[in-house]
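Here are the chains, one letter per residue:
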Amino acid sequence: MLERIVARQIVRYLQSAYRAHHSTETALLKVINDLLLTLDSRHLAVLSLLDSSAASHTVDHHTLLQRSQTCYGFSDVVLTWFTSYLTDCTQFVRTSSTASPPLPVVHGVPQGSVLGPILFLLYVADLLQLIKRHQLVPHTYTDDTWIYSFCRPCDVGALSDRMSVCADKALSLMRVN
């Protein structure tokens, strides 16, 4: 119950994901609509897709908390709560007859929780800023990021270069994270 209350309070800062009446379908419709409007105006569109599904297991808690404060302005009280939420978690494997010893979870977001996917989106906030700095449009839904932009046919080379540089920097950023 507490996770749902916290999720409602932070979700308004995010794009489509986890907002009421939004889904993969509405995210896809938004991007397709943007692309079709561009094509109708006789411009060109470039689209790149990033899938970071395994990345939620590698989230560094310190970096997540720092980004929550820097990018979203979370206060000391909120950061203290999230620190407590992420600290002293354990994981283990159970089969029908045995269980492994519990081990501490030092990276990743809680799997199966309401807050896990939202915390992951907070973690990748710097990726969205990187995309915007290259004058490209980011759109996220859970662990998928769509990067796109539009141009006149005569400017396709410059847009292609921007997209390529952005993709290289995004890859570097994701490796660092």
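Treat the numbers as computed from the prediction; the structure is a model and nothing was measured. (Residues numbered from 1 in each chain as written. Predicted model: local features only at pLDDT ≥ 70, side-chain atom pairs only at ≥ 80, totals over all residues. Heavy atoms only, no water.)

*Asks:* Quick question: what am I supposed to make of the overall build of the protein chain here?
*Replies:* Along the backbone of the protein chain there are seven helices and five strands. Across the protein chain, the fraction of contacts at a sequence separation of at least 24, relative to all contacts at a separation of at least 6, is 67%. For the protein chain, the computed accessible surface area is about 10800 Å², with 58% contributed by carbon and sulfur atoms. (Helix = DSSP H or I, 4+ residues; strand = E, 2+ residues; numbered from the N terminus. Contact = heavy atoms within 4.5 Å. Areas by Shrake-Rupley, 256 points an atom, 1.4 Å probe, with all protein chains shown as cover.)

*Asks:* Would you explain the nonpolar core in this entry?
*Replies:* One recurring pattern in soluble globular proteins: nonpolar side chains tend to sit buried together. Formed by 34 residues in total, the largest nonpolar core has its most connected members in Phe82, Leu115 and Leu119. When contributions to this core are tallied by element, the ones reaching two or more residues are helix H1 (2-11), helix H3 (61-72), helix H4 (76-86), helix H5 (115-123), helix H6 (125-133), strand E5 (144-151) and helix H7 (156-176). If we skip the residues at most four places from it in the chain, Leu119 touches Leu64, Phe82, Tyr85, Leu86, Val109 and Pro110. Listed in part, the six residues of the second largest apolar core include Leu35, Tyr141, Trp146 and Tyr148. (Core = buried A, V, L, I, M, F, W, Y, C linked by side-chain atoms within 4.5 Å. Buried < 20%, exposed > 50% of the residue type's maximum accessible area, 1.4 Å probe, protein only.)

*Asks:* What exactly am I supposed to notice about the environment of Thr26 here?
*Replies:* Among the structural elements, Thr26 can be located in helix H2 (residues 24-40). Spatially, the C-alpha atom of Thr26 lies 9.7 Å from that of Tyr141, the residues being 115 residues apart in sequence.

*Asks:* Could you clarify how one ought to interpret unusual backbone geometry in this entry?
*Replies:* Negative phi is the rule for most residues except glycine; trans is the rule for most peptide bonds. Positioned with a positive phi, Arg42 is a non-glycine residue whose angle comes to about 65°. Its location among the elements puts Arg42 in the loop between H2 and strand E1 (44-51). Positive phi is not limited to glycine here, since Asp88 has a value of about 65°. As for its placement among the helices and strands, Asp88 is situated in the loop between H4 and strand E2 (90-91).

*Asks:* Looking at this structure, how should I read the environment of Lys30?
*Replies:* Relative to the helices and strands, Lys30 resides in helix H2. Once the C-alpha coordinates of Lys30 and His139 are considered, the two residues, 109 residues apart in sequence, prove to be 8.9 Å apart. Every residue in contact with Lys30, bar those within four places of it in the chain, is listed here: His139 and Tyr148. Here Asp34 takes part through its side chain, which lies 2.6 Å from a polar atom of the side chain of Lys30. (Polar contact = N/O pair within 3.5 Å; in protein donor to acceptor, adjacent residues only side chain to side chain.)

*Asks:* Would you mind going over the pattern of salt bridges with me for this structure?
*Replies:* Side chains that differ in sign of charge can pair as their charged atoms come close. Scanning the model with the defined rule gives three salt bridges in all. Note that Asp34 is salt-bridged to Lys30, the shortest N-O span being 2.6 Å. One end of the pair is Asp34 and the other is Lys30, both in helix H2 and four residues apart, which spans about a single turn. The exposure class of Asp34 is buried, given its relative accessible area of 16%. Given a relative accessible area of 38%, Lys30 falls into the partly exposed group. For Asp155, the salt bridge is made with Arg152, and the minimal N-O distance between the two is 2.8 Å. Looking at Asp155, the relative accessible area reads 28%, which means it is partly exposed. (Salt bridge = Lys/Arg side-chain N within 4 Å of Asp/Glu carboxyl O.)

*Asks:* Is there a simple way to explain the pairing of strand E4 (residues 137-141) in this structure?
*Replies:* Moving residue by residue along a regular strand, the side chains alternate between the two faces of the sheet. Among the five residues of E4, four are classified as buried, and the element is accordingly described as predominantly covered. Sheet topology places E4 next to E5; five bridges connect them, and they run antiparallel. Counted as the bridge partner of Thr140 is Thr145 from E5. (Pairing = 2+ DSSP bridges.)

*Asks:* How should I be thinking about the sheet that holds E5 in this particular structure?
*Replies:* Picture the strands of a sheet paired through backbone hydrogen bonds; they go either parallel or antiparallel. Taken in spatial order, the three strands of this open sheet run E1-E5-E4, and their pairing is antiparallel. Only two strands of the sheet have a single partner each, and these edge strands are E1 and E4. Pairwise comparison of adjacent strand axes, ignoring direction, gives a mean angle of 20° for this sheet. The strands touched by H7 within the sheet are E1 and E5, with E5 carrying the most contacts at an inclination of about 160°. (Axes fitted to C-alpha atoms, helices over the stretch in contact; angles between N-to-C directions.)

This is a description of form; function is not addressed.
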